[in-house]
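# Chains, contacts and geometry: an overview
Residue strings, one per chain:
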Amino acid sequence: MRRSLDPQGLAGPLERVPAPAVFVVSGLTQYVGAAVAVGLFVRLGAPEVGWWRIALAAVVLVLWRRPWRRDWSRRDLGWSAAFGVVLAAMNLAFYIAIEHLPLGTAVAIEFCGPVVVAALTGRGWRARAAIVAAAVGVVLLAGVTLGSGLSRADAVIGLGSIFAAATCWGLYILLGRRVARVGAGVDGLAVGMAVGSLCFAPFFVHSTPEVLSDGGLVLLLVVVAVCSSVVPYGLEQTVLRRVPPATFAVLLALLPATAAVVGAVMLRQLPGAAQVIGLLCVSAAIALAPPRAE
């Protein structure tokens with residue numbers, strides 16, 4: 001998820017910190033941001049919170065990277081724009097999903113996107129085992145969701161949204177590689193997020209007066225944007241530079257569990273036995289997915 005771009009100078013002092021520690025901090029930060037976002041859904045609505053996350057993160061990245069200083073070709077801009085639109089759609093779908101599903105369950109199912117991409121572009125027993133493990137995990141998690149205390153509407157909307165997010169994540173990986181190949185790096189991410197936020201602005205700009213009239217809400221949305229987008233995107237790219245792909249795959253496998261822990265602590269979403277087994281299956285699939293496809 002969001003792991004295809006070069007960090008362009010984000011390392012510095014982080015080079016002295018063990019890569020797994022950096023990765024764990026990145027995952028915790030990302031899902032703490034998601035947990036804070038869940039608390040805002042009643043005040044603003046899940047899609048609106050998702051869009052503000054993208055828009056504010058785009059502002060931070062554009063001011064930081066100042067991508068206008070770069071010489072852009074139309075092709076490079078086009079790929080970055082497509083990348084950003086898919087990224088925005090992925091995050092909007094994810095926020096709708098976590099309004100209806102437990103955070104850990106949603107994150108685990110969303111990982112099917114990159115697992116499928118990795119498995120389809122890989123070969124050998126690892127690819128086949130990853131698909132099987134992911135399928136078992138998703139069936140368990142979806143079955144628990146449908147049979148839980150959630151209303152049928154919540155389960156259907158939540159599962160539909162998270163599968164849409166997983167599909168977008170797969171496309172995000174493929175487009176992210178294209179952006180990385182042209183050397184756009186974090187500048188491409190900044191441009192992409194700006195374009196993505198602008199594309200969806202007509203649907204959510206109506207919330208601007210409500211948001212800007214509440215300083216506390218603006219502050220919390222900035223926290224969500226920084227915690228869920230700016231910080232993890234940057235930290236994870238420093239990890240990519242320092243560990244081989246196979247090691248990074250194992251670290252990725254920690255994220256569903258990380259999300260489940262954050263959901264349990266911050267949102268009181270305690271997983272049952274079947275959910276834990278499903279999370280473990282998805283984590284195994286992530287670790288087994290062929291490294292070269294990440």
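As the structure is a computational prediction, the values presented were derived from the model and not from experiment.

## Regarding a nonpolar patch on the surface
Taken together, Val24, Leu28 and Leu254 make up a surface patch of nonpolar side chains, about 220 Å² in accessible area. Residue leucine 28 is classed as partly exposed on the basis of its relative accessible area, which comes to 37%.

## Looking at the pattern of salt bridges
In this structure the tally under the stated criterion is three salt bridges. One salt bridge in this structure joins arginine 43 and aspartate 214, with 2.8 Å as the shortest N-O distance. Of this pair, arginine 43 sits in helix H1 (residues 19–44) while aspartate 214 sits in the loop between helix H9 (208–212) and helix H10 (215–242), and the two are 171 residues apart along the sequence. A relative accessible area of 39% places arginine 43 in the partly exposed class. One connected set of salt bridges, linked through shared partners, spans Arg65, Arg70 and Asp187.

## Side note on the confidence of the model for the protein
The share of residues in the protein with pLDDT of 70 or more is 87%, and the mean pLDDT across the chain is 84. Predicted confidence for residues 1–11 stays below pLDDT 50, and this span has 53 contacts to residues more than four positions away or in other chains.

## A word on the packing of H1 against helix H2 (residues 46–65)
Following both chains from N to C, one finds H1 and H2 inclined at 120 degrees, their axes separated by 7 Å at the closest point. If you check the angle between H1 and H2, you find them oblique. At the point where H1 passes H2, the crossing takes the right-handed sense. In contact with Ala37, Leu40, Phe41 and Leu44 of H1, H2 contributes Ala46, Glu48, Val49 and Trp52.

## Quick look at the packing of H1 against helix H3 (residues 74–100)
Between H1 and H3, the shortest axis-to-axis distance is 10 Å and the interhelical angle comes to 70 degrees. In terms of orientation, H1 lies roughly perpendicular with respect to H3. The residues of H3 that touch H1, namely those facing Ala34, Ala37, Val38 and Phe41, are Phe94, Tyr95, Ile98 and Glu99. Split by residue class, the contact of H1 with H3 holds seven nonpolar, no polar and one charged.

## So, the nonpolar core
In this structure, Phe94, Leu103, Phe111, Met193 and Leu221 are the most contacted members of the largest nonpolar core, which totals 85 residues. If near-sequence neighbours (up to four positions away) are discounted, methionine 193 is found in contact with Ile54, Ala57, Ala58, Leu61, Gly84, Leu87, Ser229 and Tyr233.

## Some points on the environment of glycine 27
Here glycine 27 lies in helix H1. Judged by its relative accessible area of 1%, glycine 27 is buried. Here the alpha-carbon distance between glycine 27 and leucine 251, two residues 224 residues apart in the chain, equals 9.8 Å.

## Brief notes about the packing of aromatic side chains
In the structure shown here, the tally under the stated rule is seven aromatic pairs. Between tryptophan 51 and phenylalanine 204, the aromatic rings sit 6.3 Å apart at their centres with planes inclined by 25 degrees, giving stacked as the arrangement. With tryptophan 51 in helix H2 and phenylalanine 204 in helix H8 (residues 185–204), the pair connects residues that are 153 residues apart, well separated along the chain. Just as tryptophan 51 is buried, phenylalanine 204 falls in that class too. Where phenylalanine 94 meets tyrosine 95, the ring centres are 6.1 Å apart and the plane angle is 65 degrees; that geometry is what we call edge-to-face. Members of the aromatic cluster, connected to one another through ring pairs, are Trp51, Trp52, Phe203 and Phe204. Here arginine 65 stacks its cationic end above the ring of tryptophan 64, 5.2 Å away from the centre of that ring. Stacked on the ring of tryptophan 72, the Lys or Arg arginine 70 has its end atom at 5.3 Å from the ring centre.

## What to know about unusual backbone geometry
Positive phi is not limited to glycine here, since arginine 66 has a value of about 50 degrees. For arginine 66, the position within the fold is in the loop between H2 and H3. Classification of arginine 66 by relative accessible area gives partly exposed; the value is 39%. Backbone geometry at arginine 268 places phi at a positive 60 degrees, although glycine is not the residue there.

Calculation notes
- Residues numbered from 1 in each chain as written.
- Predicted model: local features only at pLDDT ≥ 70, side-chain atom pairs only at ≥ 80, totals over all residues.
- Heavy atoms only, no water.
- Patch = residues over 30% accessible without salt bridge, like charges linked within 9 Å, V, L, I, M, F, W, Y side chains within 5 Å.
- Areas by Shrake-Rupley, 256 points an atom, 1.4 Å probe, with all protein chains shown as cover.
- Salt bridge = Lys/Arg side-chain N within 4 Å of Asp/Glu carboxyl O.
- Buried < 20%, exposed > 50% of the residue type's maximum accessible area, 1.4 Å probe, protein only.
- Helix = DSSP H or I, 4+ residues; strand = E, 2+ residues; numbered from the N terminus.
- pLDDT = per-residue confidence, 0-100.
- Contact = heavy atoms within 4.5 Å.
- Axes fitted to C-alpha atoms, helices over the stretch in contact; angles between N-to-C directions.
- Parallel < 35°, antiparallel > 145°, perpendicular 65-115°, else oblique.
- Left-handed = near helix turned anticlockwise from the far one by under 90°.
- Nonpolar A, V, L, I, M, F, W, Y, C, P; charged D, E, K, R; others polar.
- Core = buried A, V, L, I, M, F, W, Y, C linked by side-chain atoms within 4.5 Å.
- Phe/Tyr/Trp six-rings, centres within 6.5 Å; stacked < 30°, edge-to-face > 60°.
- Lys NZ or Arg CZ within 6 Å of the ring centre and 35° of its normal.

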